[in-house]
There are 2 protein chains.
Amino acid sequence: MKLTVLGCYAATPRTMTNPTSQVLEINGHMFLIDAGEGTQVQLRKKKIKFQRIQHIFISHLHGDHFYGLIGLISTYMLLNRQTDLHVYGPKGIKEIILLQLRLSNSYTGYNLYFHELESKESEIVFEDEKVTVSTIPLDHRIYTNGYLFKSKPGLRKLKIGAVEDLKIDRCYYSKIKQGFDIELENGTLVKNKEITYDPDPIESYAFCSDTYYDESIVPQIKGVKVLYHESTFLESESHYTEKTKHCTAKQAASIAKLAEVQTLILGHYSTRYSDITRFKTEAEEIFKGTILNADDGKVFEL
Amino acid sequence: MKLTVLGCYAATPRTMTNPTSQVLEINGHMFLIDAGEGTQVQLRKKKIKFQRIQHIFISHLHGDHFYGLIGLISTYMLLNRQTDLHVYGPKGIKEIILLQLRLSNSYTGYNLYFHELESKESEIVFEDEKVTVSTIPLDHRIYTNGYLFKSKPGLRKLKIGAVEDLKIDRCYYSKIKQGFDIELENGTLVKNKEITYDPDPIESYAFCSDTYYDESIVPQIKGVKVLYHESTFLESESHYTEKTKHCTAKQAASIAKLAEVQTLILGHYSTRYSDITRFKTEAEEIFKGTILNADDGKVFEL
């Protein structure tokens, strides 16, 4: 699992900081999460093969999370993209994009599918044999969802030395990987565990931005490997959280602690702060797991 | 008159190039012309006091000319702008902006006025005591206008030494600047020309992008001081101009020649070209006045 942070600052893009957007690579998929203005340029700067992105998840319709989407969709058009593109986001996102395409008399050469969200309950929005993506309803000024990405357990892994020693024919490998025991030609039963390793552990990543402090999300994200949780403010500005429906670093850490996650990544910093190391320092007072500060362009191998 | 080119490349923004946007300072006004994605960051990079912009002129609704507008409008909101903002552009632009503000539950604290254009004839869209701005209808794939900016002749300038020597009372200065002769207390008539200099010459700037080769614009832009004319292609790609409704550098130069402008600025280069000096070289075969290549971040003191 690999996370590339294209931008992790709140509000307006500036010379040195970018609004929210990140690329999550998980179990063979490349997902784009949010797309603030400048996302396509950030994708190029990070040399990401962005034609590989087939699914874009938008948290909410504040500009710093989606103003770069229309530009990316247009660029795919100019690059003569053929592959389907799926956009998940709040109701209204389809109208915004299609209005702009219509007024520019443009048509995508690829299929563009919108999956508009309205539910206040968590729902699975994408699923295949490798990954499940579900919404995490958040408490913000407008309708907002985080997203929970979970890889599915893969096949068991052959102990190749063991199966060769036992002279097991290759035609049984598929069955063995699926977990079946095997009977040798001499009638001996070989237990699956003797000739396989466990599959890769399940990867899980929870993206929670933007949101007010909300413990109701804890059961859903319980035990995730990595939690990205917004931390717009430091304690000194905690009085802003209620009106703006954002969190402090400490509040993000409280959620991480309650959810018993392995790693907490902080981001969505207010642009008032020039030193983001303080976010980690404040969060460490609460949460004892790994805490990382996101920063534009940062790549996390998780 | 000062022109700051924020971006002058066609189609998609890239790591090193920006789509169309420029700031024209003329006779005390600061106008923004077009606003491709990333315009607000370019304004910051150039350290332009962009709260001073009160009028934004959009040529057409292709993304590389306006996708940065909504971000700029939102940023003005976050910066607590109070001053009125006027946006001039094709019909539909108001719907695009208001839809996005509505869905993000946002309201500008400043007055945001839209002046939607539909006419295929030139019309004056802005006028005050200093400047006139009129549309230049262009021939592109969708409804498009260039803009002609003309300063109005100012007041005559006092020869301050002369008026003081003649002991003319200050209460007459305003009349003198307006061009009136003056009668001294001893009955002597002083001709206005003896105590004033001519006003500043009229500044004029024509922005013509995007457009197919179209001689019908020549009468309107005849004799302008500076013409910015799109030149998407070099001669080697001239076969693309008809379908895309763009121009070559040579065609831009032909318009400049016919219109007898003083200075031609080339821009809106296709991103296929890495060496933009060739645009100037090709244009010089046609037009004998000054030819300049626009480039992102370039400032022209005109």
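Keep in mind the model is a prediction, meaning the values are calculated, not measured.

1. Topic: the sheet that holds strand β15 (residues 226–230) of chain B
Residue and element names in this part refer to chain B. One open sheet accounts for seven strands, arranged β7-β8-β9-β14-β15-β16-β17; its pairing is mixed. The open sheet has two edge strands with one neighbour each: β7 (124–127) and β17 (290–293). The average undirected angle you get between the axes of adjacent strands in this sheet is 15 degrees. Sheet topology places strand β16 (residues 263–267) next to β17; four bridges connect them, and they run parallel. By the bridge assignment, Leu-264 is partnered in β17 with Ile-291.

2. What to know about the UniProt feature "active site" (unreviewed entry) in chain A
Residues and elements named next belong to chain A. In the numbering used here, UniProt assigns the "active site" (unreviewed entry) feature to Asp-64. Structurally, Asp-64 is set in helix α2 (residues 63–66). Sequence-distant contacts of Asp-64, that is, excluding residues within four places in its chain, are made with Ala-10, Ala-11, Pro-19, Thr-20, Gly-36 and His-268. Here the side chain of Asp-64 touches Ala-11 through a polar contact of 2.9 Å, landing on its backbone nitrogen.

3. Considerations on the relation of the copies chain A and chain B
Superposing chain A onto chain B takes a rotation of 179 degrees plus a shift of 0.0 Å along the axis, which leaves an RMSD of 0.4 Å. Expressed as a symmetry operation, the mapping of one chain copy onto the other fits a two-fold axis. Relative to the rotation axis, the closest C-alpha in chain A is found at Gly38(A), a distance of 3.0 Å. A share of 100% of the interface residues of chain A reappears at the interface of chain B, consistent with the copies meeting face to face through the same patch.

4. Thoughts on the packing of aromatic side chains
Residues and elements named next belong to chain B. This structure, assessed with the given rule, holds 31 aromatic pairs over all chains. Their ring planes at 5 degrees and their centres at 5.4 Å tell us that Phe-207 and Tyr-228 sit as a pair that is stacked. Here Phe-207 is found in strand β14 (residues 204–208), whereas its partner Tyr-228 is found in strand β15, with 21 residues between them in sequence. One exposure class covers both Phe-207 and Tyr-228, and it is buried. The ring centre of Tyr-197 lies 5.4 Å from the NZ or CZ of Lys-159, which sits over that ring. A cation over an aromatic ring shows up here: Lys-175 above the ring of Phe-180, its NZ or CZ 4.4 Å from the ring centre.

5. Re a negative patch on the surface
A surface patch of negative charge is lined by Glu95(A), Glu95(B), Glu116(B) and Glu118(B). By secondary structure assignment, the location of Glu95(B) is in helix α4 (residues 93–103). Classification of Glu95(B) by relative accessible area gives partly exposed; the value is 44%.

6. Looking at the interface of chain A and chain B
Contact residues are listed per partner, giving 33 residues for chain A and 33 residues for chain B. Summed over both sides, the interface of chain A with chain B buries roughly 2700 Å², with 62% coming from carbon and sulfur. When the buried surface of chain A facing chain B is broken down by residue, Glu37(A), Tyr67(A) and Leu103(A) rank first, second and third, together holding 22% of it. Connecting chain A to chain B are zero salt bridges. Here chain A and chain B share eight residue pairs in polar contact (both at pLDDT 80 or more) between them. Top element by residues in the side of chain A that touches chain B is helix α4 (residues 93–103) of chain A. It accounts for six residues. For the side of chain A that touches chain B, the class distribution of residues is twelve nonpolar, 14 polar and seven charged.

7. Focus on the nonpolar core
Buried together is how nonpolar side chains tend to be arranged in soluble globular proteins. If you look at the biggest cluster of nonpolar residues, it comprises 62 residues, and the most contacted ones within it are Leu69(A), Leu112(A), Leu32(B), Leu43(B), Leu69(B) and Leu112(B). The residues touching Leu69(B), leaving out its near neighbours within four places in the chain, are Ala35(B), Ile56(B), Ile58(B), Val87(B), Ile93(B) and Ile97(B). Formed by 54 residues, the second largest nonpolar core is a distinct cluster that contains Ile26(A), Tyr147(A), Val226(A) and Ile265(A).

Thresholds, definitions, all that
- Residues numbered from 1 in each chain as written.
- Chains lettered and ligands numbered in written order.
- Predicted model: local features only at pLDDT ≥ 70, side-chain atom pairs only at ≥ 80, totals over all residues.
- Heavy atoms only, no water.
- Pairing = 2+ DSSP bridges.
- Helix = DSSP H or I, 4+ residues; strand = E, 2+ residues; numbered from the N terminus.
- Axes fitted to C-alpha atoms, helices over the stretch in contact; angles between N-to-C directions.
- UniProt positions renumbered as here; feature names shortened; annotations may be inferred.
- Contact = heavy atoms within 4.5 Å.
- Polar contact = N/O pair within 3.5 Å; in protein donor to acceptor, adjacent residues only side chain to side chain.
- Least-squares fit on C-alpha atoms with pLDDT ≥ 70 in both.
- Phe/Tyr/Trp six-rings, centres within 6.5 Å; stacked < 30°, edge-to-face > 60°.
- Buried < 20%, exposed > 50% of the residue type's maximum accessible area, 1.4 Å probe, protein only.
- Lys NZ or Arg CZ within 6 Å of the ring centre and 35° of its normal.
- Patch = residues over 30% accessible without salt bridge, like charges linked within 9 Å, V, L, I, M, F, W, Y side chains within 5 Å.
- Areas by Shrake-Rupley, 256 points an atom, 1.4 Å probe, with all protein chains shown as cover.
- Salt bridge = Lys/Arg side-chain N within 4 Å of Asp/Glu carboxyl O.
- Lys, Arg positive; Asp, Glu negative; His and termini not counted.
- Charge placed at Lys NZ, Arg CZ, Asp CG, Glu CD.
- Buried area = accessible area lost by both parts, 1.4 Å probe.
- Nonpolar A, V, L, I, M, F, W, Y, C, P; charged D, E, K, R; others polar.
- Core = buried A, V, L, I, M, F, W, Y, C linked by side-chain atoms within 4.5 Å.

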